[in-house]
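Summary of the model geometry
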Amino acid sequence: MDFFVIAARRILRIAILAKGSGLDTNGYLKPIVRDFDHRWEHIIDARDTLEHVDEPRAYRALAPVSSSDGKFVFLMPGQSIDIQELFIDADNLCRAVGAVIKPYESEITTSEQFS
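To start, this report covers the structure provided alongside it. (Residues numbered from 1 in each chain as written. Predicted model: local features only at pLDDT ≥ 70, side-chain atom pairs only at ≥ 80, totals over all residues. Heavy atoms only, no water.)

A look at the packing of helix α1 (residues 2-19) against helix α2 (residues 29-39)
As a packed pair, α1 and α2 sit with axes 10 Å apart at the nearest point and diverge in direction by 150 degrees. The angle between α1 and α2 falls in the class roughly antiparallel. Every pair of crossing elements has a handedness; the one defined by α1 and α2 is left-handed. For the pair formed by α1 and α2, the contact residues are Ala8, Leu12, Ala15, Ile16, Ala18 and Lys19 on the first element and Leu29, Lys30, Val33, Phe36 and Asp37 on the second. For the contact of α1 with α2, the residue count by class is eight nonpolar, no polar and three charged. (Axes fitted to C-alpha atoms, helices over the stretch in contact; angles between N-to-C directions. Helix = DSSP H or I, 4+ residues; strand = E, 2+ residues; numbered from the N terminus. Parallel < 35°, antiparallel > 145°, perpendicular 65-115°, else oblique. Left-handed = near helix turned anticlockwise from the far one by under 90°. Contact = heavy atoms within 4.5 Å. Nonpolar A, V, L, I, M, F, W, Y, C, P; charged D, E, K, R; others polar.)

Some remarks on the nonpolar core
Ranked by internal contacts, the top residues of the largest apolar core, which has 25 residues, are Val5, Leu29, Phe36, Ile43, Ile81, Leu86 and Leu93. Where this core is concerned, the elements lending two or more residues are α1, α2, α3 (43-51), β2 (72-76) and α4 (83-113). When sequence neighbours within four positions are dropped, the list of residues in contact with Leu93 reads Ile11, Leu12, Ala15, Ile32, Val33 and Phe36. (Core = buried A, V, L, I, M, F, W, Y, C linked by side-chain atoms within 4.5 Å. Buried < 20%, exposed > 50% of the residue type's maximum accessible area, 1.4 Å probe, protein only.)

Looking at the pattern of salt bridges
In the structure shown here, the tally under the stated rule is five salt bridges. Across the salt bridge formed by Asp89 and Arg39, the nearest N and O atoms sit 2.6 Å from each other. Taken together, the positions of Asp89 in helix α4 and Arg39 in helix α2 put the pair 50 residues apart, joining distant regions of the chain. Overall, Asp89 belongs to the buried group, its relative accessible area being 17%. Measuring nitrogen to oxygen at the nearest pair gives 2.6 Å for the salt bridge that ties Asp82 to Lys71. (Salt bridge = Lys/Arg side-chain N within 4 Å of Asp/Glu carboxyl O.)

A few points about the packing of aromatic side chains
Per the stated rule, a full pass over the model turns up one aromatic pair. A centroid spacing of 5.8 Å and a plane angle of 40 degrees characterise the contact between Phe4 and Phe87, whose relative ring orientation is tilted. With Phe4 in helix α1 and Phe87 in helix α4, the pair connects residues that are 83 residues apart, well separated along the chain. (Phe/Tyr/Trp six-rings, centres within 6.5 Å; stacked < 30°, edge-to-face > 60°.)

Okay, structure coming up:
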């Protein structure tokens, strides 16, 4: 679970780069990135906790929990991360980035053939 939270943060960073790359000419990514970032802004704190286990701090408390109904959740002070919900949103974010860059993939392949 912990590696997924880190990966989700990196997916967001990739989406932000794609949004600002100039390829998103219709502004398709802007609301998707904004909504993901707003809903999951606390994954930055979770990532910090998971990446910096050598620096324990009270506000960085993070506890992975598995419920009897099969849900996996990270509990944090005042917040939680439902891994299944984060997975769905991260998958949608990846698909959105893919939809934006897909039209340009053939251009890259063509230019690589001639270099």
